[in-house]
Structures are given as C-alpha cells and as structure tokens.
Amino acid sequence: MDVVRTAIGLMSGTSMDGIDVALIRTDGRGFIERGPFLGMPYDAEFRGRLKRALELARPLRDRNERPGELREIELELTLRHATAVTAFLEHFGLAANGVDILGFHGQTVLHRPDEGLTIQIGDGRELACRTGLSVVYDMRANDMVHGGQGAPLVPAYHAALAGKFQQAGEAVCFVNIGGISNLTYIGADGRIAAFDSGPGNTLIDQWVEMQTGRTYDPGGEIGGRGKVVPALAERYLNSPFFRGNVRRSLDRGDFAPLRPDEASLEDGARTLAHVAAASIIKSAGFLPERPSAYIVCGGGRLNGTLMGELSAMTEGSRVLSAEAAGFDGDAMEAEAWAYLAVRSLDGLPLTFPGTTGVAAPVSGGVLARP
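Residues numbered from 1 in each chain as written. Predicted model: local features only at pLDDT ≥ 70, side-chain atom pairs only at ≥ 80, totals over all residues. Heavy atoms only, no water.

- Going by what an unreviewed UniProt entry lists, the chain is known as Anhydro-N-acetylmuramic acid kinase and is assigned to Rhizobium mulingense.

Below, the structure is given as structure tokens:
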C-alpha cells in the first residue's frame, strides 16, 4: 500500500520576489490533498543580495563552490526559509511533528544546461537542523548527471493534477509564467512533454524596475497603456532558442533586458508582455498536438495585458487561469516541490525523457535529517 505523507514545499523562483510555502498530503502518485498556502515576500535589500548572488555565481564551474560572500548569502537564504516554515506552521496552527518532509528548492543562481551545470543556493542540512524536520533538496542535479537539462521539474506534479482532463479525453497544457515560462503538455493518453518556453515575467519586471523602481507591473496596468514595438518584439522572437527541434532549459540571463532608452515605459512593458505570450505560442508549436486548453499558473497569470495577448494568439484553445481550472496558481510550484520530495523519498522518477531530455526516467534529491 502506498504511504500518504504530509509534505511542505518551499519555492523561491527566478522572479526572486519571495518564498512560497504550501502543504499537501500525497502518496507521490495519484493521491493529492491540497492544504494551505502562504507567500512571504522578500524585502528590497535581500532581493538586492540575491541579484548579487547571480553575479557571484557567474564564473563558477563547480556546483558545490560557495566562495566568500556567496556562502553568506546562502546562509541568509536558508535562515529565511527556516523562519518561513515556522511562520507558516504558526499561521495555520499546525504542529511540526505532523509534517513528514520539506521539499526545498533553494534559489537558482546559475543554470547552464549545455555545460551540465546548475547551481541552487540553499543549505538543506542547515534547514533540517533549524526546523527539526527532514528535508529533500538539490533535486535537479541527478537529472543532469544522467543527461537531462535539469528543468523543468514541475511536470510530474502537473501530470498528477491532469486526471480530470484525461478522463474527459482532453489534451491540456499547463503554462507556468514565472521569471522564465515553461509548458507541460499532458495528452489524453497520459503522454507528457515539457520544456521551458521563453522569457516570462523577468524581462517585464526588469524593465519596470529600471524605469520606476517598482518591482513589477501590477495587473499589467502599465503595459495596458502602451503599444507593441514590432522591431523590439522581433529581436526577442527571432532568437535561435525558438528554432530547431531540440528544446533546452533557460537561465534568467539568456534574454538581455531592454536598454533604458529603447522605448517609453508603457510601450516597453506592452512589448515585453507580447514577447512573453508569443514565446509561449512559438514554443507550443513543438508540442505533440494543439491542446484543448492552456491552464496558466505563476505570477504572469495576474498580468491582464499578458493574458489578453495570450488569449488573442491561441486559436481553437481555451486559456484558463489555474483558479478557473480548480487549482491555486500561486501555490502550484510550492505544492510541486512538496510532491517531488515525497516521490524522492520513495525513489520514484522526478524527471522523464519527455520533460528534461534525460535518457530514462530518473529520481533525484538529497535527504537531510535533523
């Protein structure tokens, strides 16, 4: 009989806006009972520290290197995650002894799949000691050891959520619009295909912060007042990333931000929302078939301008927010990390040939006990 465990997932994504914490009960297979969720934003000073970590990681060639200041940032990140776990348990009146496992993503500071290199800072052993809970962390590395791209990892969870669509004979595509966007296709027959699709919120966030000091475009309001600048949009959409049949995972730095003088605030935000949507559609051309519905999760689903662009580009397919499909678009990635932690405990695959390009389904993750 499959063991049902209570797991907490901790996610800090490429947008670097905070820590998402979610609890689920699952057997790591088809049973999922979703619990509470809490998002805890980073302050501006620590976001700046994480941006510094990206610079410090750029010259690294060994995924275990933590020179000087990078180790200090890693420890601070870990302590913030420990505090987030404590706050989550207190907020929802939960007992730590009722939690079986933490799934800890850490913060990606470098991702170069072509070199077989991915670095996530975050000390799983320190987190286990600080929380008194067992932790599964470093879930991408084993995929790369076996020839995969190390991303995306969330498709295993998407596939578990897609049951009701499969029963209706529908092929669906989960679209996660975080800093980088990724797609997960689940066919009516259970076939999975997944890959990064292009820039998501990162370029928009960088542009708005550069121009205004704000960290994002709330609701897509700024972009909604602008116009698409075709020459700028085409510069991104003509990237070699969108050509060829081999899909690859992306690093936050793979698409350069706009220069400050290239557009007005509004036109830049609108153009980059258009690019985010068009990237999804271009990449969806590599899916096995056109899905009947796109289910959009991640912060990008809250950008009305981006969602409007996406809806205008999908011919014959519905565009649904995660909530409209019965899910929680804010919690989904953190839930996924909880789900993957349980799968890791049972030695079940986290990645598959159709998701990361790994040679055969492979498990992963490192277990740290308190």
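With respect to the packing of aromatic side chains
Move 1: The full count for this structure, using the stated rule, is eight aromatic pairs.
Move 2: Here the aromatic rings of F242 and F255 are separated by 6.3 Å at their centres, their planes lie at 40°, and the arrangement is tilted. One end of the pair, F242, is in the loop between α9 (230-237) and α10 (265-284); the other, F255, is in the loop between α9 and α10, and 13 residues separate them in sequence. Exposure class is identical for F242 and F255. Each is buried.
Move 3: Within the aromatic cluster, the residues linked to one another by ring pairs are Y236, F241, F242 and F255.
Move 4: Stacked on the ring of F327, the Lys or Arg K164 has its end atom at 5.2 Å from the ring centre. (Phe/Tyr/Trp six-rings, centres within 6.5 Å; stacked < 30°, edge-to-face > 60°. Helix = DSSP H or I, 4+ residues; strand = E, 2+ residues; numbered from the N terminus. Buried < 20%, exposed > 50% of the residue type's maximum accessible area, 1.4 Å probe, protein only. Lys NZ or Arg CZ within 6 Å of the ring centre and 35° of its normal.)

Describing the nonpolar core
Move 1: V175, L183, W207, Y236, F255, L272 and L306 are the most contacted members of the largest nonpolar core, which has 40 residues in total.
Move 2: Contributing elements (two or more residues each) for this core: β8 (172-177), β9 (180-186), β10 (192-199), α7 (202-212), α9, α10, β11 (293-297) and α11 (304-313).
Move 3: The biggest single contributor to this core is α10, with ten residues.
Move 4: Apart from residues no more than four positions distant in its own chain, Y236 is found in contact with L203, F242, F255, A256, P257, L258, L272 and V275.
Move 5: Judged by nonpolar contacts, the second largest core, of 37 residues, contains L77, F88, I121 and V135. (Core = buried A, V, L, I, M, F, W, Y, C linked by side-chain atoms within 4.5 Å. Contact = heavy atoms within 4.5 Å.)

Quick notes on the sheet that holds strand β4 (residues 101-104)
Move 1: The six strands are arranged β3-β2-β1-β4-β7-β13 in an open sheet whose pairing can be described as mixed. Of all the strands in the sheet, just β3 (32-41) and β13 (366-368) have a single pairing partner and so form its edges. Adjacent strand axes in the sheet meet at a mean angle of 20° when their direction is disregarded.
Move 2: Helix-sheet contacts for helix α12 (residues 332-345) involve β1 (5-11), β2 (18-26), β3, β4, β7 (135-137) and β13, and the interaxial angle to β1 is about 130°. (Pairing = 2+ DSSP bridges. Axes fitted to C-alpha atoms, helices over the stretch in contact; angles between N-to-C directions.)

Some points on the domain arrangement of the chain
Move 1: Per the domain assignment, the segments making up the chain are domain 1 (5-150 + 359-368) and domain 2 (155-321).
Move 2: Spacing between the C-alpha centres of domain 1 and domain 2 amounts to 24 Å.
Move 3: Facing 15 residues of domain 1, the contacting portion of domain 2 comprises 17 residues.
Move 4: Summed over both partners, the interface of domain 1 with domain 2 comes to about 1,200 Å²; 44% of that surface belongs to carbon and sulfur atoms.
Move 5: The largest per-residue losses of area from domain 1 upon contact with domain 2 belong to T14, I32 and H111, which jointly make up 36% of the total buried on that side. (Domains from an automatic or database assignment. Buried area = accessible area lost by both parts, 1.4 Å probe.)

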